[in-house]
Amino acid sequence: MLQSHDRFVSTNHQNETIATEACKSFNMASSLACRCVNSFPQFRNRLFTTTSLPKPNAVVFLKHIACSSIAAAETLTSDAVVVSGDGKYGRKEIISITPRLYDYLLDNVREPQILRELREETSTMRGSQMQVSPDQAQLLAMLVQILGAEKCIEVGVYTGYSSLAVALVLPESGRLVACERDGKALEVAKRYYEQAGVLHKVDVRHGLAADALKLMIQNGEGCSYDFAFVDADKRNYQEYFELLLQLVRVGGIIVIDNVLWHGKVANPLVNDAKTVSIRNFNQGIMEDERVSISMVPIGDGITICRKN
């Protein structure tokens, strides 16, 4: 061991240079490596149980540890962060949701048992990708609670995951108008409304949502609703939005789903009818002074609109 140490600190200029470089690499990696070791047990195991370490040469060993530290840290963290390409934003680092990070996020969602059961049943059905994510439903329910909403509208119910999340937080006197044209999916939704004890809060409208909204306006319900959520036919978003602006009160909220449309809206080479429709809708909302807006990258992207 002493001989190995003597060789490591020998006056051989080449070895000293390599040792210095290795130590610098190690020092630069150490803080990042320690964070990885503390945060990710699987990294600790990989680093200290590896069978691919070279022969016990101190210089090579130091370089190996430094490089392994950097590589493992980058593998575990770099994919979760993106940096704006526009220098005007000061190279701001922004979270990018990786599968690992999204699993962590879902582990921190307070999903009621009845919603979990509905989600799992819906996952076996055709079109299950239309169901909102648990983190998204939790945000919708919180918006309803923050507003103190009593009257809500949902355009596009599917099997009822988001509408059930909203109905669960409405007061006993609350009312949710749920518009859906798919009768089979609506039967699933109604079954879960009943199981959750909120069926009395939900006014189910089976048919075209635009017709239901127009009828509500004709019946004198304008400016009487607190909250609306739209997750329906993308090509009719503008019509739904205009009708809901007549139904929602000043200070009320309209939330539009799928505004990022799987990222297609940002790709100029994608110009199918649905993508173009959403892209045009987003541009129109951006310029619409009747509402204050915030586009949020949750689920497939939502835009929260507050009626001015």
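These numbers were taken from a predicted model, which means no experiment stands behind them.

Student: Just checking my understanding: could you explain the overall build of the chain for this structure?
Tutor: A count of helical and extended segments in the chain gives twelve helices and nine strands. Within the chain, buried positions represent 40% of all 308 residues. The contacts of the chain with a sequence gap of at least 6 include a subset with a gap of at least 24, amounting to 67%. Carbon together with sulfur atoms contributes 55% to the accessible area of the chain, which is approximately 17,500 Å² in total.

Student: I tried to follow a nonpolar patch on the surface on my own but got confused; where do I start?
Tutor: On the surface, V81, V83, I95 and I97 cluster together into a nonpolar patch covering about 310 Å² of accessible area. Here V83 lies in strand β1 (residues 81-83).

Student: How do you make sense of the nonpolar core when you look at a structure like this?
Tutor: Nonpolar side chains in soluble globular proteins generally cluster together in the buried interior. One finds V144, C152, L164, Y193, F227 and V255 to be the most contacted residues of the largest nonpolar core, which totals 33 residues. When residues no more than four places from it in sequence are discounted, the contact partners of L164 are I114, L115, L118, Y192, Y193, A196 and V198. Core analysis: the second largest hydrophobic core is formed by 28 residues, V177, Y240, V248 and I254 among them.

Student: Just to check I follow, could you spell out the packing of helix α8 (residues 161-169) against helix α9 (residues 183-196) for this structure?
Tutor: Packed helix pairs are characterised by how far apart their axes lie and by the angle those axes make with each other. Axis separation between α8 and α9 bottoms out at 10 Å; the angle between their running directions is 25°. The angle between α8 and α9 falls in the class roughly parallel. As for how α8 packs across α9, the hand of that crossing is right-handed. In contact with S163, L164 and L168 of α8, α9 contributes Y192, Y193 and A196. Here the residues of the contact of α8 with α9 sort into five nonpolar, one polar and no charged.

Student: Explain the pairing of strand β8 (residues 291-296) to me, please; I cannot follow it from the model alone.
Tutor: Regular strands have side chains that alternate between both faces of the sheet. Summarising the sheet, β8 and strand β9 (residues 302-307) pair through six bridges and their orientation is antiparallel. Residue S294 lies in a different strand from β9, and its bridge partner there is I304. Here β8 hands over to β9 after five residues, with G299 in that stretch at a positive phi of 60°.

Student: Mind showing me how you'd approach the pattern of salt bridges here?
Tutor: If charged atoms from side chains of opposite charge come close, those side chains can pair. Across all of its chains, the model carries 14 salt bridges by this definition. The partner of R175 in a salt bridge is E221, and the shortest N-O contact between them spans 3.5 Å. Separated by 46 residues along the polypeptide, R175 in strand β4 (residues 175-180) and E221 in the loop between α10 (209-218) and β6 (225-230) bring together distant segments of the chain. Given the relative accessible area of 26%, R175 is considered partly exposed.

Student: How should the sheet that holds β8 be read in this particular structure?
Tutor: Think of a sheet as strands paired side by side through backbone hydrogen bonds, with each pair either parallel or antiparallel. If you walk across this open sheet you meet the seven strands as β5-β4-β3-β6-β7-β9-β8, and the pairing is mixed. Both outer strands of the open sheet, β5 (202-206) and β8, are each paired with one neighbouring strand and no more. Shown here is a sheet whose adjacent strand axes are inclined to one another by a mean of 15°, direction ignored. Across five bridges, the pairing between strand β7 (residues 248-257) and β9 is antiparallel. Note on β9: the bridge partner recorded for I256 is T303. Where α9 meets the sheet, its contacts fall on β4 and β5, and the angle it forms with β5 comes to roughly 170°. Sheet strands touched by α10: β3 (151-155), β4, β5 and β6. Its angle to β3, the strand with the most contacts, is close to 155°.

Student: Got a minute to help me understand the packing of aromatic side chains in this structure?
Tutor: What characterises a pair of aromatic rings is the spacing of the ring centres plus the angle enclosed by the ring planes. This model, assessed by the stated rule, comprises two aromatic pairs. When the ring of Y237 is compared with that of F281, the centres are 5.6 Å apart and the planes differ by 70°; the resulting orientation is edge-to-face. One end of the pair, Y237, is in helix α11 (residues 237-247); the other, F281, is in helix α12 (residues 273-286), with 44 residues separating them in the sequence. Overall, the relative accessible area of 1% leaves Y237 in the buried class. Of the aromatic side chains, those joined through ring pairs into one cluster are Y237, F241 and F281. The ring of Y225 carries K151 above its face, with NZ or CZ at 4.4 Å from the centroid.

Student: Can you walk me through unusual backbone geometry in this structure?
Tutor: In most cases, non-glycine residues show a negative phi, while peptide bonds are predominantly trans. Look at Y158: it is not a glycine, yet its phi comes out positive at around 55°. Relative to the helices and strands, Y158 resides in the loop between β3 and α8. A positive phi angle, near 55°, is found at C223, a position not held by glycine. The topology assignment puts C223 in the loop between α10 and β6.

Student: Can you walk me through the packing of helix α7 (residues 134-147) against α8 in this structure?
Tutor: Where α7 contacts α8, the axes come no closer than 9 Å and their chain directions differ by 35°. In this structure, the crossing between α7 and α8 has a hand that is right-handed. Two secondary-structure elements touch here, α7 through P134, A137, L140, A141, V144 and Q145 and α8 through Y161, S162, A165, V166 and V169. The class makeup of the residues in the contact of α7 with α8 is nine nonpolar, two polar and no charged.

What counts as what
Sequence positions are assigned chain by chain, starting from 1 and proceeding in written order. The predicted origin of the model limits local features to residues at a pLDDT of at least 70 and limits the giving and counting of side-chain atom pairs to 80 or more, whereas totals for whole chains, interfaces and linings rest on all residues. Remark: hydrogens and water are excluded; side-chain values derive from all non-hydrogen atoms of the structure. Helix and strand definitions here come from DSSP, where helices need a minimum of 4 consecutive H or I residues and strands a minimum of 2 consecutive E residues; each element is numbered from the N-terminal end. Buried, partly exposed and exposed residues are distinguished by accessible area as a fraction of the type maximum, computed with a 1.4 Å probe on protein chains only: under 20%, between the cut-offs, and over 50%, respectively. It only takes one pair of heavy atoms within 4.5 Å for two residues to be counted as in contact. Throughout, the Shrake-Rupley method with a 1.4 Å probe supplies accessible areas, and for residues the shown protein chains are the sole cover considered. Residues enter a patch when their relative accessible area is above 30% and they make no salt bridge; the linking distance is 9 Å between like charges and 5 Å between nonpolar side chains (Val, Leu, Ile, Met, Phe, Trp, Tyr). One side-chain nitrogen of Lys or Arg within 4 Å of one carboxyl oxygen of Asp or Glu is enough to make a salt bridge. For the purposes of this section, nonpolar cores are sets of buried Ala, Val, Leu, Ile, Met, Phe, Trp, Tyr and Cys residues that join through side-chain atoms within 4.5 Å. Geometry is summarised by axes, namely lines fitted to C-alpha atoms with helices restricted to the contacting stretch, and by angles between N-to-C directions that run from 0 to 180 degrees. Throughout, the term roughly parallel applies to angles under 35 degrees, roughly antiparallel to angles over 145, roughly perpendicular to angles from 65 to 115, and oblique to all others. Left-handed is the label given to a crossing in which the near helix is rotated counterclockwise from the far helix by less than a right angle, and right-handed is the label when the rotation is clockwise. Each residue receives one of three labels: charged for Asp, Glu, Lys and Arg, nonpolar for Ala, Val, Leu, Ile, Met, Phe, Trp, Tyr, Cys and Pro, and polar for the others, Gly being one of them. Following DSSP output, two strands are said to pair if at least two bridges run between them. In this scheme Phe, Tyr and Trp rings, the latter by its six-membered ring, pair at centre separations within 6.5 Å, and the angle between planes marks the pair as stacked below 30 degrees, edge-to-face above 60, and tilted otherwise. Charge over a ring is defined by NZ of Lys or CZ of Arg lying within 6 Å of the ring centre and within 35 degrees of the ring normal.

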